[in-house]
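Here is what each chain is made of, one letter per residue.
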Amino acid sequence: MRVFHGIASAAELGGCALAMGNFDGVHLGHQSLFQRARQLGMPAALTFEPHPGKVLQPELAPKLITLLPRKLELLEQYGLDAVVVQPFTLEYARTPPLDFESSVLDTLGAKYLVVGSDFTYGAQRKGTVKRLATAAKSRQAQVQVAPPVSVDGVVVSSSKVREYILEGRVSAARRLLGRFFDLDGAVVPGQGRGRQIGFPTANVDTENELRPAPGVYAVRVRLADDPAGESWLPGAANIGTKPTFGGTEVTIEVHLLEFAGQLYERRLRVQFVDRLRSEQRFGSVAELTAQIGRDLESARSAIARASP
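I will try to describe carefully the structure that is included in this document. (Residues numbered from 1 in each chain as written. Predicted model: local features only at pLDDT ≥ 70, side-chain atom pairs only at ≥ 80, totals over all residues. Heavy atoms only, no water.)

Let us now look at the overall build of the protein chain. Scanning the protein chain from terminus to terminus reveals 10 helices and 14 strands. Taking the principal axes of its C-alpha atoms as reference, the protein chain extends roughly 75 × 40 × 40 Å. The buried share of the protein chain, reckoned over its 308 residues, is 51%. Contacts spanning at least 24 positions in sequence make up 74% of the contacts within the protein chain whose residues lie at least 6 apart. Working note: accessible area of the protein chain is about 14,600 Å², and carbon and sulfur atoms make up 51% of it. Averaging the coordinates of the 36 positive side-chain charges in the protein chain and doing the same for the 32 negative ones gives two points 5 Å apart. (Helix = DSSP H or I, 4+ residues; strand = E, 2+ residues; numbered from the N terminus. Buried < 20%, exposed > 50% of the residue type's maximum accessible area, 1.4 Å probe, protein only. Contact = heavy atoms within 4.5 Å. Areas by Shrake-Rupley, 256 points an atom, 1.4 Å probe, with all protein chains shown as cover. Lys, Arg positive; Asp, Glu negative; His and termini not counted. Charge placed at Lys NZ, Arg CZ, Asp CG, Glu CD.)

Below, the structure written as structure tokens:
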């Protein structure tokens, strides 16, 4: 997949079917746009970096579900030939709708523009789908509008996915994403308490902004340097402060069920399969270790039930 940094650099995409949006999370609603673009031929996407909310209202900006590297990986996975990453600045936010239309229809030369029904653009979001369709028609281009996607009566949106993850409802988020929610990170030294009680854990330092609510989760883990690239290891993760030991810092610790070896400084991708329980404080280490044993059995069962 080709990646262009800015619309001005993407003139060679003339004639493409261009899906447009922020695409945070690359959920089922976004995927429906990509499917439409693939049907029209030469599928591409236009996205913005950073997320407009980070520029326009940084104090209110949402925590991102997917950072740009993971977003690009997913966009390629869902069949796009090219992606235009448009830098979003305060100056760009003042772009009049007329200029935005010219940039995608004239400078870039898209033949089809694929958008959701609520798509807006330009300064103060004054550009509408109806206006965009008129601008496209005047250039012998077309606007294709993908209807909202619903799952079990819930309209799929980045905000709903974000809500589910923040609540720890990772299995519900999976239904809207069409895949497991995941985060990437490097294994860093911890305090070694897991090893001391017989359950060694990998302390994962992640760049991801969004992470599930504190609790214990069934997870699948892939090592970034795995030569096969598709070997997922079952495990359980604890997100929280480890209250039994009087901790105060929130950490992400993963115990792998079928792995023996050194993990320090290796990079992992952690997929969250299901939430097993909330974090709790135990009266003794013995009570904690007994519960961990039960958690690991629950994790095995949850992972076995979940399809890849």
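Ranked by size, the top nonpolar core spans 32 residues in total, and within it V219, V254, L268, V270 and F272 carry the most contacts. For this core, the elements supplying multiple residues, two or more each, are helix 7 (158-166), helix 8 (170-177), strand 9 (181-188), strand 10 (202-206), strand 11 (215-223), strand 12 (233-240), strand 13 (251-256) and strand 14 (267-277). Among the elements that line this core, the one with the most residues is helix 8, at 5 residues. Apart from the residues lying within four places of it in its own chain, the contact partners of V219 are L233, P234, G235, A236, A237, V254, V270, Q271, F272, V273 and I303. Counting residues in hydrophobic clusters, the runner-up holds 31 residues, among them L13, Y92, L108 and A141. (Core = buried A, V, L, I, M, F, W, Y, C linked by side-chain atoms within 4.5 Å.)

Let us now look at the sheet that holds strand 6 (residues 142-146). Adjacent strands of a sheet pair through backbone hydrogen bonds, lying either parallel or antiparallel. Spatial ordering of the open sheet is given by 1-4-3-2-5-6, a layout of 6 strands whose pairing is parallel. Every other strand in the sheet has two partners, leaving strand 1 (2-5) and strand 6 as the edge strands with one partner each. Neighbour to neighbour, the strand axes of the sheet diverge by 25° on average, direction disregarded. In terms of strand pairing, strand 2 (residues 17-20) meets strand 5 (residues 112-116) through 3 bridges, oriented parallel. (Pairing = 2+ DSSP bridges. Axes fitted to C-alpha atoms, helices over the stretch in contact; angles between N-to-C directions.)

A turn of α-helix holds 3.6 residues, and therefore any two residues three or four places apart point the same way. Taking 1.5 Å as the rise per residue, helix 1 (residues 28-40) with 13 residues should run 18 Å; its terminal C-alpha atoms sit 19 Å apart, in good agreement. Taken together, the buried positions of helix 1 are G29, H30, Q31, S32, L33, F34 and A37. Directly beyond the C-terminal end of helix 1, a positive phi value near 100° is found at G41. (Expected span 1.5 Å × (residues − 1).)

Considering the arrangement of structural elements, one finds R281 in the loop between strand 14 and helix 10 (285-305). The exposure class assigned to R281 is exposed, which follows from its relative accessible area of 61%. Sequence separation of R281 and P243 is 38 residues, and the distance between their C-alpha atoms is 5.1 Å.

Now for the environment of Q291. Note that Q291 resides in helix 10. The exposure class assigned to Q291 is buried, which follows from its relative accessible area of 14%. For Q291 and L72, which are 219 residues apart along the polypeptide, the C-alpha to C-alpha distance reads 39 Å. Those residues within four positions of Q291 in sequence are excluded, and the remaining contacts are R277 and F282.

Glancing now at the side chain of Q86. Position of Q86 among the secondary structure elements: in strand 4 (residues 82-87). Using a relative accessible area of 10% as the deciding quantity, one classes Q86 as buried.

Before going further, it helps to spend a moment on the sheet that holds strand 10. Ordered in space as 9-10-13-12-11-14, the 6 strands form a closed barrel in which the pairing is antiparallel. The sheet shows a mean angle of 45° between the axes of neighbouring strands, taken without regard to direction. Across 4 bridges, strand 9 lies against strand 10 in antiparallel orientation. Residue G185 lies in a different strand from strand 10, and its bridge partner there is T206. Along the sheet, helix 8 contacts strand 9, strand 11 and strand 14; its crossing angle with strand 14, the most-contacted strand, is approximately 120°.

Let us now look at the pattern of salt bridges. In total, this model carries 16 salt bridges according to the counting rule given. A salt bridge links E12 to R2, with the shortest nitrogen-to-oxygen separation between them at 2.8 Å. A residue pair is termed long-range when its members are at least 10 positions apart, and E12 in the loop between strand 1 and strand 2 and R2 in strand 1 qualify at 10 residues. What makes R2 partly exposed here is its relative accessible area of 36%. The residue E73 makes a salt bridge to R70 at a minimum N-O spacing of 3.0 Å. In this pair, E73 and R70 are both assigned in helix 3 (residues 68-77), 3 residues apart and thus about one turn of the helix distant. (Salt bridge = Lys/Arg side-chain N within 4 Å of Asp/Glu carboxyl O.)

So, on to the pairing of strand 2. Burial along strand 2 is two-sided: A17 and A19 and L18 and M20, pointing in opposite directions, are all buried. Inspection of the sheet shows strand 2 paired to strand 3 (residues 43-49) by 4 bridges, in the parallel sense. Paired with A17 across the strands is P43, a residue of strand 3. This β-α-β element, strand 2 to helix 1 to strand 3, shows right-handed connectivity. (Right-handed = clockwise from strand over helix to strand, strands pointing away.)

Read these as spatial facts, not as claims about activity.
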